[in-house]
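Letter by letter, the chains look like this.
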Amino acid sequence: MAKDSTTELQVAYYTLLNTNVTLSGTPVPVYDEVPANATYPHIHFGETTLVDSSTKSTFMDEVTFSMSVVDRFQADNGSRAKINSCVNQVKEIIRARPVPFSLSSFNVITSVVDNDLSRKERTSTYTYFIRELRFRHIIEEK
């Protein structure tokens, strides 16, 4: 029976990004669930999808992994500069060659950017700048 690669993949993402994405030498926090007292900017893990692409002889998955890089400013002030810097670092880390993932039960064959969306949200007190990233991976069971 094939295993589910998404848990190992999320742990690997956390290991790769936590303390390695920085702004002015300060690590950008990485959250699975964003706490009420979150630091901005931060990286927030989102949804995963998994499509079984197995054959008769190989267990293989096509997996997407989503995350958002979020910054917050008072009222209608702010800039996308910090989240753009974070996104560039994330892309460099995740798309590094050779593939940077070290999973115990799986080999990550490919890692590509599937989607990159930039948006802005306003509330009565804050402006949020958000970059939503989705990476696509081909993963085979060892």
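Residues numbered from 1 in each chain as written. Predicted model: local features only at pLDDT ≥ 70, side-chain atom pairs only at ≥ 80, totals over all residues. Heavy atoms only, no water.

### Comments concerning the packing of helix 1 (residues 6–17) against helix 2 (residues 81–94)
Helix 2 packs onto helix 1 with a crossing angle of 120 degrees between their chain directions and a minimal axis gap of 10 Å. Here helix 1 lies oblique to helix 2, going by the angle between them. Classified by chirality, the crossing of helix 2 by helix 1 is right-handed. Contacts from Tyr13, Leu16 and Leu17 in helix 1 reach Val90, Ile93 and Ile94 in helix 2. Residues that form the contact of helix 1 with helix 2 fall into these classes: 6 nonpolar, no polar and no charged. (Axes fitted to C-alpha atoms, helices over the stretch in contact; angles between N-to-C directions. Helix = DSSP H or I, 4+ residues; strand = E, 2+ residues; numbered from the N terminus. Parallel < 35°, antiparallel > 145°, perpendicular 65-115°, else oblique. Left-handed = near helix turned anticlockwise from the far one by under 90°. Contact = heavy atoms within 4.5 Å. Nonpolar A, V, L, I, M, F, W, Y, C, P; charged D, E, K, R; others polar.)

### Notes on the pairing of strand 4 (residues 42–52)
Here is the key point about a regular strand: its side chains alternate between the two faces of the sheet. Strand direction decides the pairing type here: strand 3 (residues 30–31) and strand 4, joined by 2 bridges, are parallel. The residue bridging Val30 from the neighbouring strand is Ile43, located in strand 4. Where strand 4 lies against strand 5 (residues 60–74), 9 bridges are found, and the strand directions are antiparallel. In the strand pairing of strand 5, Phe45 is matched with Met67. (Pairing = 2+ DSSP bridges.)

### Some remarks on the nonpolar core
Tyr13, Leu17, Ile43, Met67, Val90, Ile94 and Phe101 are the most contacted members of the largest nonpolar core, which totals 29 residues. Listing elements by their share of this core, those giving two or more residues are helix 1, strand 4, strand 5, helix 2, strand 6 (106–122) and strand 7 (126–141). In terms of residue count, the dominant contributor to this core is helix 2 (6 residues). Leave out the neighbours within four places in its chain, and Ile43 touches Val21, Val28, Pro29, Val30, Tyr31, Met67, Ser68, Val69 and Val90. (Core = buried A, V, L, I, M, F, W, Y, C linked by side-chain atoms within 4.5 Å. Buried < 20%, exposed > 50% of the residue type's maximum accessible area, 1.4 Å probe, protein only.)

### A short note on the side chain of Asp61
Relative to the assigned elements, Asp61 resides in strand 5. Judged by relative accessible area, which is 7%, Asp61 ranks as buried. Reaching out from Asp61, the side chain makes a polar contact with the side chain of Ser5 at a distance of 3.2 Å. Each residue touching Asp61, except ones within four places of it in the same chain, is listed here: Lys3, Ser5, Leu50, Val51, Asp52, Ser53, His137, Ile138 and Ile139. (Polar contact = N/O pair within 3.5 Å; in protein donor to acceptor, adjacent residues only side chain to side chain.)

Just geometry here; none of it tells us what the structure is for.
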